[in-house]
Amino acid sequence: MSTARLPTTPAAAEVPGPRDRRPARPPRAPVRRRIDAGIPGQTPASPPWRVLKSLVILLCCLAVILPFLTVLSTSLADTAQVNEAGGFVLWPDHPSLDSYEAILRGGLVTRAMAVSIGVTVVGTALSLLSSVTLAYGLSRPGSFGHKPVLMILLFSMLFAPGVIPSYLLIKQLHLINSYWALILPTMVNAFNVIVLRSFFQSIPRELLDAARIDGANELNILTKVVMPLSRASIAVVGLFYAVSYWNAFFNALLYMNESAKWPMQLVLRTYVVNNAAIGAGEASAAGAPLPPSQALQAAIIVLSIVPIVLVYPFLQRHMNKGVMIGAVKG
């Protein structure tokens with residue numbers, strides 16, 4: 001008589017006995033990523049390499065700071081220390097404002113500062129007005145003459161007019177020896193218009209359509225909707241225009257025949273770059289002794305960079321945001 005064997009289930013066969021049970025492993029602690037690892041997948045730099053990079057950065061900072069410190073110290077040094085040092089002074093022992101008083105009393109630098117400030121303020125305002133309105137018109141696809149004007153603007157970026165045609169045009173317009181010759185030829189910059197146009201195109205169209213439904217015309221949309229949203233880009237473009245007008249000297253060299261109408265940068269080029277002698281009529285009062293020429297040149301350099309240095313910190317926070325947002329979308 002055969003006996004049937006009952007099949008054993010796999011689950012019952014694999015059940016471990018009391019001796020086969022092993023203690024459960026403790027959970028692994030989460031791996032903490034090192035903060036100084038930098039880019040994911042990149043090994044952190046070794047301490048000697050960090051020290052080397054710090055030294056290189058320090059040397060670059062010193063290479064930038066020391067020339068400014070030398071120019072400022074030379075402009076503040078007295079006559080005896082400048083003559084003893086043979087030119088430039090690293091640190092003034094007895095700071096004096098004789099160089100600034102001399103060049104400001106003469107009248108040449110004072111008039112040049114007034115001309116540069118006036119040209120920069122008026123030129124920046126007119127350039128922003130024309131660039132913002134032109135960029136807004138080009139950012140609307142259905143505007144009149146959209147494609148031809150855009151093609152002309154892009155063409156001007158590739159082919160700039162020469163010196164002789166520009167001079168003949170300014171002469172035909174009777175702008176020789178006029179302050180408008182320093183503003184009108186560079187009033188519209190194609191690159192700045194493209195940057196503003198790119199930012200205006202990134203504004204949602206639904207927002208502009210909602211303003212039109214509320215009864216706003218194009219001028220109200222530009223001034224009350226688009227410009228408040230584009231404050232960063234407009235501030236950066238305004239800084240570009242201001243620096244361009246302040247540093248421009250070539251137009252004044254071509255179109256200005258009277259030294260009384262020279263801007264500050266042309267005075268800087270004449271008496272510092274070309275090393276022309278500063279006479280008694282251009283500096284100090286009549287009969288007063290002049291400080292050394294190196295101190296006068298250093299004072300002119302300091303006065304030429306102070307206005308931009310004072311304006312730039314107020315617009316620095318808009319720099320990265322304005323340029324990146326305006327340039328990402330083309």
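As a reminder, the structure under discussion sits directly above these lines.
In short, a report on the structure. Everything quoted here is computed from the prediction, not taken from an experiment. (Residues numbered from 1 in each chain as written. Predicted model: local features only at pLDDT ≥ 70, side-chain atom pairs only at ≥ 80, totals over all residues. Heavy atoms only, no water.)

What to know about empty space enclosed by the protein
At step 1: Inspection of every chain in the model, using the stated rule, returns 2 cavities of 30 Å³ or more.
At step 2: Put simply, the largest cavity is a space of about 40 Å³.
At step 3: Surrounding the largest cavity, Ser75, Leu76, Ala77, Asp78, Thr79, Ser96, Asp98, Ser99, Pro291 and Pro292 form its lining.
At step 4: Residues of the lining of the largest cavity, tallied by class, amount to 4 nonpolar, 4 polar and 2 charged. (1 Å grid on protein atoms, 1.4 Å probe; cavity = no way out; pocket = protein on both sides within 12 Å on 5 of 7 lines; lining within 4 Å. Points joined across faces, edges and corners; volume = space filled by probe spheres on them. Nonpolar A, V, L, I, M, F, W, Y, C, P; charged D, E, K, R; others polar.)

Topic: the environment of Arg212
At step 1: Structurally, Arg212 can be placed in helix α9 (residues 205-213).
At step 2: In this structure Arg212 touches Tyr136, Arg140, Glu218 and Ile221, once residues within four positions along its chain are discounted. (Helix = DSSP H or I, 4+ residues; strand = E, 2+ residues; numbered from the N terminus. Contact = heavy atoms within 4.5 Å.)

Points about the packing of aromatic side chains
We describe a pair of aromatic rings using the distance from one ring centre to the other and the angle between the two ring planes.
At step 1: Applying the stated rule across the entire model yields 3 aromatic pairs.
At step 2: Residues Tyr136 and Phe200 carry aromatic rings whose centres are separated by 6.4 Å and whose planes lie at 70 degrees to one another, so their mutual orientation is edge-to-face. With a gap of 64 residues between them, Tyr136 in helix α5 (residues 108-139) and Phe200 in helix α8 (residues 190-201) connect regions that are remote in the sequence.
At step 3: Given a relative accessible area of 1%, Phe200 falls into the buried group.
At step 4: With a centroid separation of 6.1 Å and 20 degrees between ring planes, the pair formed by Tyr167 and Tyr255 is classed as stacked. Pair noted here: Tyr167 is in helix α7 (residues 163-172) and Tyr255 is in helix α12 (residues 250-255), with a separation of 88 residues, a long-range link.
At step 5: We classify Tyr167 as partly exposed; its relative accessible area is 32%. (Phe/Tyr/Trp six-rings, centres within 6.5 Å; stacked < 30°, edge-to-face > 60°. Buried < 20%, exposed > 50% of the residue type's maximum accessible area, 1.4 Å probe, protein only.)

So far we have only geometry, and geometry alone does not tell us how the molecule works.
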